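The lines below spell out each chain.
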Amino acid sequence: MLSERMLTAVVRQCTKQYLKLSPTDDRHVPGPVPGQRYMLYMHVPFCERLCPYCSFNRFPFDKDRAAPYFANMRKEMLMLKDLGYDFESVYVGGGTPTIMIDELCETIDLARDTFSVREVSSETNPNHLIPAYLDKLRGRVQRLSVGVQSFDNGLLKQMDRYDKYGSGEEILERIREASPYFTSLNADMIFNFPAQTEDILISDIERVVESGASQTTFYPLMASPSVARSLARTVGKVDYSRERLFYQIIDELLAGGSDPLFDHGSAWTFNRVPLACQSAEPADAAETLADSLHQPAAGDQPAAEGQPVAEPAEARGMIDEYVVDYEEYPAIGSGGITYLGSSLYVNTFSVNDYNAAIESGRMSLMGKTTFSKRDRMRYRFMMQLFGLRLDKRQFKEDFGCTVEAGLPVEMAFMRAAGAFERDDADEITLTPRGRYLMVVMMRQFFIGVNNLRDQARAALVGEERELIFGE
C-alpha cells in the first residue's frame, strides 16, 4: 500500500506542474513531421444522458446543435489534410459518437476518402447496438467499444443508465448480437464503485466472458475534483483502499492460471484468447476460475451458441488507449486534446465557439502546455509501460540518454517495488505487481488530464455553462 500511495502522490504533483493550460493564439496545430506515424482523434460531445463519473467534454444531445457540429468537424478534418497530415488510424470518442449515426458514417467515409485509413475505432452506448446502427457501422468501423460500466442493475440505476441503456441482461444480449459485426468488440467496464462488492465484480467479469466480447477494459473509478460531488451524490465516495484487491480479482479471473481466457493488451485491457487455445468453453472456464477464488459463479445464462470469440491477430493489438500505439495525435472537435512534439493543445469546450472558429477558417485551439524533455521522457516511460513494454533502445535514440540516466528516481522506485519482470539492455516488461502500479499511475494521470479539462470547461458561459453546471 505504501508504494501505491507514494506513486499516487508523485504523479498527482507531476501532473499539477505540467498539465497547466496557457492561452494560445495559434490558429492551427503544427504540421506533421516527415516519417512520423499519426492517429486522428475525433470528439463528439453529445450524450442522451450525462453520467456522473464522466469528465470528458459532453453536452445533452440536441439535433439542432449536433448536426452543424458534425459538418464543421468534417471541415476541420480537411484542414489537417491541407497541413500535410495522413492517418492510418482513426479513433472517435465522446460523448456518444453514434448519437447521429448517419452523420458519423458520413464523417468516417470522408476520413477514408481523404486519408490512408486502415482501421477505425469508435465508442458507443448499449442502446445503439441495434441492427439499424450495426448495419451502417459494419465495414466502416473495425473496432467498437461499448460503454457498459457494469452489468449489475443496482449500479446501473445509481449511474442513471438503467432506464436509458437497458438492464444488465439486455446489455449482455445486445453485445452477443453485435460482436460478429466487428473485427473487435470491446466491453468498457469500471471497477471499484463504492457500492460494488466482490460478488458484483465477479459477476461482471463472468458476464463479460459470456458476452462474447473479444476485448474488455476494466478502468478504475477515477474521482477527479470535477466529478467528486456528483459521484458522492449518486454512487458514493470512492475508496481507493479496495482498488488493488479488485484489480487482482479481475486479473486472476481473466488472465490468470495455466489456461487463461484473456491475455493482457495493456495494464487494464484484456484480449480474448482464441478459442482453439482454450481447453474449456468460456462460461465453464469462468465458473472454474470463480471456484478457485471460493466465490459462487453468478452466471445462469450460457454463452451464445456459435458466438465468435476470437479475433484476427492484427486486431488483438488494438487497445482502447490509443496513446500507447500512437504517441502523437492531432484531435478535432470541441474538447479534443492534441499531443504533438513537446506541446499539448486543448480545443475549446464550447460547441458555439468551436463552430464559429471552424467557420472562420481556423481551428478552435484555446490553450496549450509545453512539456520539458524530462516531462516527455516521463510520458514515454508511463505510456510504454502501461502498454506492457518499454523499448530501451528507442528511448535512448529519441532522447539521447538511457532511461536509467534520464529517469533515475523513477527507475529506482519501480525496481525497488518489484515492478519489472525483464530489465535488460533492450526492454523492460512488467510483473503482476508492476501492472497494478501502472494502473495506479495511469489512474492518477487521467485524473490530472481531467483537471486540465476542468480548466478548459471553466471558460464556458451562458447557456452552455448552465447545461453543464446548472444555474
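One numbering rule holds for all chains: residues counted from 1, following each sequence as written. With pLDDT at 70 or above as the cut-off, local features in this predicted model cover only qualifying residues; side-chain atom pairs require 80 or more to be listed or tallied, and sums for whole chains, interfaces and linings still use all residues. The basis for every side-chain value is the complete set of heavy atoms in the structure, and neither hydrogens nor water enter the calculation.

## Considerations on helix α17 (residues 408-416)
Spacing of three or four residues puts side chains on the same side of an α-helix, whose turn is 3.6 residues. To keep things clear, this is the line we draw: Relative accessibility under 20% of the residue-type maximum defines a buried residue, over 50% an exposed one, and the middle range a partly exposed one, all with a 1.4 Å probe and only protein chains included. A run of H or I in DSSP counts as a helix once it spans at least four residues, and a run of E counts as a strand once it spans at least two, with each numbered from the N terminus. Here the arc refers to the set of directions running from the helix axis out to each C-beta atom.
Inspection of α17 places Glu410, Met411, Phe413 and Met414 among the buried residues, and these make up the whole buried set. Taken around the axis of α17, the buried residues stretch over an arc of 165°, which confines them to a single face. Residues of α17 that are exposed and angled more than 90 degrees away from the buried face: Val409 and Ala416. A positive phi of about 70° marks Gly418, the residue just after α17.

## A few points about the nonpolar core
What counts here: Nonpolar core, defined: a set of buried Ala, Val, Leu, Ile, Met, Phe, Trp, Tyr and Cys residues in which side-chain atoms within 4.5 Å join the residues together. Throughout, a contact is declared for two residues whenever any of their heavy atoms are within 4.5 Å.
Counting 141 residues, the largest nonpolar core has Leu40, Met42, Phe218, Phe381, Phe420, Met438 and Phe445 as its most contacted members. When residues of this core are assigned to their parent elements, the largest contribution, 12 residues, is made by helix α18 (residues 432-457). Beyond its immediate chain neighbours, meaning those up to four positions away, Leu40 contacts Met77, Leu80, Phe87, Ser89, Val90, Tyr91, Phe115, Pro330 and Ile332.

## Overview of the sheet that holds strand β8 (residues 184-191)
Threshold: Only when DSSP finds a minimum of two bridges between them are two strands counted as paired. Helix axes use the C-alpha atoms of the stretch in contact, all axes being lines fitted to C-alpha atoms, and the angles between their N-to-C directions lie in the range 0 to 180 degrees.
What the 9 strands build is an open sheet, ordered β10-β11-β9-β8-β7-β6-β5-β2-β12; its pairing is mixed. Since the sheet does not close on itself, it has two edges, and those belong to β10 (262-264) and β12 (331-332), each with one partner. Helix α2 (residues 63-83) contacts β2 (39-44) and β12 of the sheet and is inclined by roughly 160° relative to β2. Where helix α10 (residues 243-255) meets the sheet, it contacts β8, β9 (215-220), β10 and β11 (269-272), and its direction lies at approximately 125° from that of β10.

## Observations concerning the packing of aromatic side chains
Using the following cut-off: Ring pairs shown here join Phe, Tyr and Trp side chains whose ring centres sit within 6.5 Å, with only the six-membered ring taken for Trp; geometry is labelled stacked below 30 degrees between planes, edge-to-face above 60, and tilted in between. The criterion for a charge sitting over a ring is simple: Lys NZ or Arg CZ within 6 Å of the ring centre, and within 35 degrees of the ring normal.
What the rule picks out here adds up to 18 aromatic pairs. One aromatic cluster is present, built from ring pairs that chain together Tyr219, Trp268, Tyr339, Phe371, Tyr379, Phe386, Phe445 and Phe446. Here the basic side chain of Lys157 rests over the ring of Tyr162, its NZ or CZ set 4.7 Å away from the ring centre. The ring centre of Phe56 lies 4.0 Å from the NZ or CZ of Arg453, which sits over that ring.

## Overview of the pattern of salt bridges
Spelled out, the test is: Salt-bridge detection follows one rule: a side-chain nitrogen of Lys or Arg within 4 Å of a carboxyl oxygen of Asp or Glu.
By the definition in use, this model includes 31 salt bridges. Note that Glu88 is salt-bridged to Arg37, the shortest N-O span being 2.8 Å. Of this pair, Glu88 sits in the loop between α2 and β5 (89-94) while Arg37 sits in the loop between β1 (22-23) and β2, and the two are 51 residues apart along the sequence. We classify Arg37 as partly exposed; its relative accessible area is 41%. Here Glu404 makes a salt bridge to Arg415, at a shortest N to O gap of 3.0 Å. A residue pair is termed long-range when its members are at least 10 positions apart, and Glu404 in helix α16 (residues 403-406) and Arg415 in helix α17 qualify at 11 residues. By relative accessible area, Arg415 is classed as partly exposed at 40%.

## A closer look at the sheet that holds strand β13 (residues 337-340)
Here we have 4 strands laid out as an open sheet, ordered β1-β15-β14-β13, and antiparallel in their pairing. Both outer strands of the open sheet, β1 and β13, are each paired with one neighbouring strand and no more. Across 4 bridges, the pairing between β13 and strand β14 (residues 343-347) is antiparallel. Opposite Thr338, over in β14, you have Tyr345 as the bridge partner.

## Here's the deal with the confidence of the model for the protein
Where the model shows low pLDDT, its predicted coordinates should not be examined in detail. Note the threshold: Scored between 0 and 100, pLDDT is the confidence that the predictor attaches to each residue.
Averaged over every residue, the pLDDT of the protein is 88; the share at 70 or more is 88%. The low-confidence segment residues 280-320 (pLDDT under 50) makes 94 contacts with residues lying over four places distant or belonging to another chain.

## Remarks on the pairing of β9
For the record, the criterion: A clockwise path from the first strand over the helix to the second, with the strands pointing away from the viewer, defines a right-handed crossover.
In terms of burial, β9 is largely enclosed, as 6 of its 6 residues are buried. The alternating pattern of β9 places Gln215, Thr217 and Tyr219 and Thr216, Phe218 and Pro220 on opposite faces, both of which are buried. As defined by bridge partners, β8 adjoins β9 across 6 bridges and the pair is classed as parallel. Note that in β9 the partner of Ile190 across the bridge is Tyr219. Read as a crossover between parallel neighbours, the route from β8 over helix α8 (residues 198-211) to β9 is right-handed. Where β9 lies against β11, 3 bridges are found, and the strand directions are antiparallel. When the sheet's bridge partners are listed, Gln215 is paired in β11 with Asn271.

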